Amino acid sequence: MALAPYPWLEDAARTLAEMRVRLPNAVLVYGPPGIGLYELAFAFAQSLLCENPKPDGEACGECSACALMKAGTHPDCRQVLSEFMCAEHEVPYVAAENERPDAKKRLSREIRIHQIRALADFLGMNANRGGRRVVVVYPADAVRAEAASALLKSMEEPPEGLVYVLACENIDAVLPTIRSRSRLLRVPMPPKETALDYLRGLGVPEPERALALAGGAPLEAACGAAGLRLDPEMEKRVLELLARGGRLTPDDIVRGAAPDLSVPAFALLLSRWTNDLVRAKLGAHPLYFIHEGRALEGLAAATTTAKLFAFLDAVRGVRRAEDHPLNVRLVWEQILLKYAALFAAPRRG
Ligand SMILES: [Zn+2]
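Just so it is clear, the structure is predicted and the values come from calculations on it, not from any experiment.

Visitor: Is there a simple way to explain helix 3 (residues 64-71) in this structure?
Guide: Note on helix geometry: an α-helix contains 3.6 residues per turn, so any two residues three or four positions apart are oriented the same way. Those residues of helix 3 that fall on the buried side of the exposure criterion are Ala65, Cys66 and Met69. The buried residues of helix 3 occupy an angular sector of 100° when projected down its axis, which confines them to one face. For helix 3, exposure combined with an orientation more than 90 degrees from the buried face picks out Ser64, Ala67 and Ala71. Those residues of helix 3 that are buried are in contact with helix 2 (37-49) and strand 2 (77-81). Within two residues after helix 3, Gly72 carries a phi angle of roughly 75°, on the positive side.

So this is what it looks like as structure tokens:
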């Protein structure tokens, strides 16, 4: 991943790269929501651990440290994200000891004390590879009060080589003592033209309108409108079905249907997944499902670009019908059967 995961983050990425010369103990990146602050923090963390960073600070993406970061298993990196953000960014969430898994419960949007306590072991260890270690905290404005004082304590006496990379949307909600221990970097709302170029590149219909509805935040605008997301559990179920490709049976599809599915959010997810399949077909990195690169490549190899574009059209049809009442089950079954068929027939040209 480039150090600037999105074009409007290039200035911020450059400033971060310059910090490498005399690296502070903590960096706090903040700015408006929907512009990719977490992705920036993660890219910076990856570049700090990369064994062979490029001159501009970008991680090489090829060394073993980069591979471990992509897999989310680098022993010298800990990500402290709220349960909700863990689901959103596909980071494993470690529950509290007394916490029972409950699929119906709402995901916590706060960073809780047990998550900061779980850091203690990590802070007490020595670096496994090379000496530097990184803790990513997001959203740093959602650290619960008692967790924040625990975090502050660990920031006051940082072990050698440890860097905190914090990111948040509301700087005023971060404990002043944490703020004062961090090098602050404000990331502004992207210039309109940059944001529009990005949306046009994605094929977002009516990009001007989408951007205005999202208050100028391009990632938010790319979702079509605020809130156009499946809830993370449902999203996980859908992605599991999609990853099956040609092995997806009509039975799986019928059993996977949920009567309360949001059709617009489902269609958006399908269109993003298919866009990433097209990108995989072209040898490009995924744009949305950055951790699914290998699965996407495997699926893309089993179909053709022409079929993928035809399927995108079908998905667009569902999206155009968004405002009409649709039979959820029917939409679900029809479109997923079409999806499975992408991979079923023998390959042609
Ligand atoms: Zn690397």
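That covers the picture; the talk isn't over yet.
Visitor: Got a minute to help me understand the nonpolar core in this structure?
Guide: If you look at soluble globular proteins, the nonpolar side chains tend to sit buried side by side. Within the largest apolar cluster, 90 residues are counted, with the highest numbers of intra-cluster contacts made by Ala41, Val136 and Ala167. Ranked by residues supplied to this core, first place goes to helix 2 with ten residues. Lining this core are residues from two domains, each supplying at least three of them: domain 1 (7-186) and domain 2 (228-344). Ignoring any residue separated from it by four or fewer positions in sequence, one finds Val136 in contact with Ala41, Phe42, Ala45, Cys77, Gln79, Val80 and Val165.

Visitor: Please explain the domain arrangement of the protein as it appears in this structure.
Guide: Accessible area lost upon the coming together of the parts is a frequently used measure of interface size. Annotation of the protein at the domain level lists domain 1 (7-186) and domain 2 (228-344). Each of domain 1 and domain 2 has a C-alpha centre, and the two are 31 Å apart.

Visitor: Teacher, can you tell me more about helix 15 (residues 293-301) here?
Guide: The complete set of buried residues in helix 15 reads Leu296, Leu299 and Ala300. Projection of helix 15 onto a plane perpendicular to its axis shows the buried side chains occupying an angular sector of 100°, all on one side. Residues Arg294 and Ala301 are exposed on helix 15 and point more than 90 degrees away from its buried face.

Visitor: I tried to follow the pairing of strand 3 (residues 133-138) on my own but got confused; where do I start?
Guide: For a regular strand, side-chain orientation follows a simple rule: the groups alternate between the two sheet faces. Across the six residues that make up strand 3, a large majority, six, are buried. The alternating pattern of strand 3 places Arg133, Val135 and Val137 and Val134, Val136 and Tyr138 on opposite faces, both of which are buried. Looking at chain direction, strand 2 and strand 3 are connected through five bridges and run parallel. If you follow Val80 over to strand 3, its bridge partner there is Val137. Pairing of strand 3 with strand 4 (residues 162-168), which is carried by five bridges, proceeds in the parallel orientation. Opposite Val135, over in strand 4, you have Tyr164 as the bridge partner. Handedness of the crossover is the feature at issue here: the chain leaves strand 3, passes through helix 7 (residues 145-156), returns alongside strand 4, and the resulting connection is right-handed.

Visitor: It is not clear to me how the sheet that holds strand 4 should be interpreted in this structure. Could you clarify?
Guide: By way of backbone hydrogen bonds, the strands of a sheet pair with one another, either parallel or antiparallel. Spatially, 2-3-4-1-5 is the arrangement adopted by the five strands of the open sheet, whose pairing is parallel. Single-partner strands in this sheet number two, and they are strand 2 and strand 5 (183-186). Averaged over all neighbouring strand pairs, the angle between strand axes comes to 15°, with direction disregarded. Across the sheet, helix 1 (residues 10-19) touches strand 1 (26-30) and strand 5, and the angle it forms with strand 5 is around 165°.

Visitor: Just checking my understanding: could you explain the packing of helix 14 (residues 263-281) against helix 15 for this structure?
Guide: A pair of packed helices is captured by two measures, namely the crossing angle of their axes and the spacing between those axes. With their axes 8 Å apart at the nearest point, helix 14 and helix 15 run at an angle of 75° to one another. Judged on the interaxial angle alone, helix 15 and helix 14 are roughly perpendicular. Of helix 15, the residues touching helix 14 (which contributes Asp276, Leu277, Ala280 and Lys281) are Leu296, Glu297, Leu299 and Ala300. Across the contact of helix 14 with helix 15, the residue classes break down as five nonpolar, no polar and three charged.

Visitor: Help me out: how do you make sense of the environment of Leu213 in this one?
Guide: Along the chain, the position of Leu213 falls in helix 10 (residues 207-213). For Leu213, a count of 16 C-beta atoms within 10 Å gives the class partly exposed. Here the alpha-carbon distance between Leu213 and Met69, two residues 144 residues apart in the chain, equals 34 Å.

Visitor: Looking at this model, I keep getting lost on unusual backbone geometry. Mind explaining?
Guide: A negative phi angle characterises most non-glycine residues, just as the trans form characterises most peptide bonds. The residue after Tyr138, namely Pro139, is reached through a cis peptide bond having omega -10°. The topology assignment puts Pro139 in the loop between strand 3 and helix 7.

Reading the values: rules and limits
Residues numbered from 1 in each chain as written. Predicted model: local features only at pLDDT ≥ 70, side-chain atom pairs only at ≥ 80, totals over all residues. Buried ≥ 20, exposed ≤ 12 C-beta atoms within 10 Å, placed from the backbone. Helix = DSSP H or I, 4+ residues; strand = E, 2+ residues; numbered from the N terminus. Arc of directions from axis to C-beta. Contact = placed C-beta atoms within 7 Å. Core = buried A, V, L, I, M, F, W, Y, C linked by C-beta atoms within 7 Å. Domains from an automatic or database assignment. Pairing = 2+ DSSP bridges. Right-handed = clockwise from strand over helix to strand, strands pointing away. Axes fitted to C-alpha atoms, helices over the stretch in contact; angles between N-to-C directions. Parallel < 35°, antiparallel > 145°, perpendicular 65-115°, else oblique. Nonpolar A, V, L, I, M, F, W, Y, C, P; charged D, E, K, R; others polar.

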